[in-house]
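# Results of the structural survey
For reference, the chains in residue letters:
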Amino acid sequence: MAGESLRVEFRRQVRERVLDTAAALTVDRGWDRVRIGEVATASGVSRPTLYREFGTKDGVGEALVAREAERFFTGIAGELEQHDDASEGVRGAVRFTLDEAADNPLLRAILTGSRSGDTSLLPFLTTRGDGIIAGGNALVGDWMRRRRPDLDPRAVADAVDAIVRLTISHLVSPGLGHAEAADRIARLTTCLIAAAATV
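Structure report, in brief. The shown structure was predicted, so the numbers you read here are calculated from the model rather than taken from an experiment.

## Section: the overall build of the protein
For the protein, the helix and strand inventory stands at nine helices and zero strands. Helices (α) and strands (β) of the protein occur, in sequence order from the N terminus, as α-α-α-α-α-α-α-α-α. In terms of overall dimensions, the protein has C-alpha extents of about 60 × 50 × 25 Å along its principal axes. Residues classed as buried in the protein amount to 44% of the 199 residues present.

This is the structure:
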């Protein structure tokens, strides 16, 4: 049993080292210029070990984005728990997400890189971002159902999915200030909740 837990801990440490290295290299020069061999070397992990753990460079990229999303989910959960009103909670969570993303070096590298042609990590936030959308839906949906148990669960699921996808859209393609985007999504939440209450 102790040997198994040591292996699990070693594997976790290897993953974290690889992802820390990949993140630093991405921030430094963009994901397109990161080579899997240099990630292995810089993190002190053999290539075979890295490939066994992640499969491909895309596997490293997907794990990198997923880890960053988990960090965001922790902060979003904390923001949501400060509110009982659904629209206010959504406003706070959206504002937190957009503000944190603007200050996050890895997300800035992904988003600014995509605007200059380096789009290789962007799909893990968008077209291949099913895990992020599912995680956001589960987090916000659970909070919303606890706050408003009177609402139709299917209508809540639809509303939350729209909120999560709109937040990602504002993250990837900002056109409004953070406060304005958060206010807009909060107003939409009010409308969606009113509709859910009448279903």
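Now, onward.
## Quick notes on the packing of helix α4 (residues 57-80) against helix α7 (residues 130-147)
Relative to each other, α4 and α7 sit at 15°, their axes nearing to 10 Å. With respect to their mutual orientation, α4 and α7 come out roughly parallel. Taken as a pair, α4 and α7 cross one another with a handedness that is right-handed. For the pair formed by α4 and α7, the contact residues are V65, A69, F73, I76, A77 and L80 on the first element and I132, G135, G136, L139, V140, W143 and R147 on the second. Here the contact of α4 with α7 is composed, by residue class, of 10 nonpolar, two polar and one charged.

## Let's talk about the nonpolar core
In terms of nonpolar packing, the biggest core is built from 56 residues, with V18, L50, V60, L64, I110, L125 and M144 touching the most fellow members. With nine residues, the single largest contributor to this core is α4. For M144, the contacting residues outside a window of four places in its chain are A86, V90, V156, V160, I163, T189 and I193.

## Regarding the pattern of salt bridges
All chains considered together, the criterion is met by 17 salt bridges. A salt bridge links R12 to E9; the nearest nitrogen and oxygen atoms lie 2.7 Å apart. With a gap of three residues between them, R12 and E9 both fall in helix α1 (residues 2-29), about one helical turn apart. Among the charged side chains, a salt-bridge network with shared partners connects E81, D84, D142, R146 and R147.

## Section: the side chain of E79
Inspection of the secondary structure puts E79 in helix α4. Not counting residues within four places of it along the chain, the set of residues in contact with E79 comprises G92, A93 and F96.

## Some points on the packing of aromatic side chains
Under the counting rule described, the total for this entry stands at zero aromatic pairs. Over the ring of W31 we find K57; its NZ or CZ atom is 4.9 Å from the centre of that ring.

## A word on the packing of helix α5 (residues 86-103) against helix α8 (residues 153-172)
Viewed as axis vectors pointing N to C, α5 and α8 meet at an angle of 30°, and their least axial separation amounts to 10 Å. What the angle tells us is that α5 and α8 run roughly parallel. For the pair α5 and α8, the sense of crossing is right-handed. Residues V90, V94, T97, L98 and A101 of α5 touch α8, and the partners they reach there are I163, T167, H170 and L171.

## Digging into helix α3 (residues 47-54)
For α3, every residue scored as buried is listed here: L50, E53 and F54. All buried residues of α3 project into a common sector of 75° when viewed along the axis, lining one side. Backbone geometry just after α3 places G55 at a positive phi near 85°.

Calculation criteria
- Residues numbered from 1 in each chain as written.
- Predicted model: local features only at pLDDT ≥ 70, side-chain atom pairs only at ≥ 80, totals over all residues.
- Heavy atoms only, no water.
- Helix = DSSP H or I, 4+ residues; strand = E, 2+ residues; numbered from the N terminus.
- Buried < 20%, exposed > 50% of the residue type's maximum accessible area, 1.4 Å probe, protein only.
- Axes fitted to C-alpha atoms, helices over the stretch in contact; angles between N-to-C directions.
- Parallel < 35°, antiparallel > 145°, perpendicular 65-115°, else oblique.
- Left-handed = near helix turned anticlockwise from the far one by under 90°.
- Contact = heavy atoms within 4.5 Å.
- Nonpolar A, V, L, I, M, F, W, Y, C, P; charged D, E, K, R; others polar.
- Core = buried A, V, L, I, M, F, W, Y, C linked by side-chain atoms within 4.5 Å.
- Salt bridge = Lys/Arg side-chain N within 4 Å of Asp/Glu carboxyl O.
- Phe/Tyr/Trp six-rings, centres within 6.5 Å; stacked < 30°, edge-to-face > 60°.
- Lys NZ or Arg CZ within 6 Å of the ring centre and 35° of its normal.
- Arc of directions from axis to C-beta.

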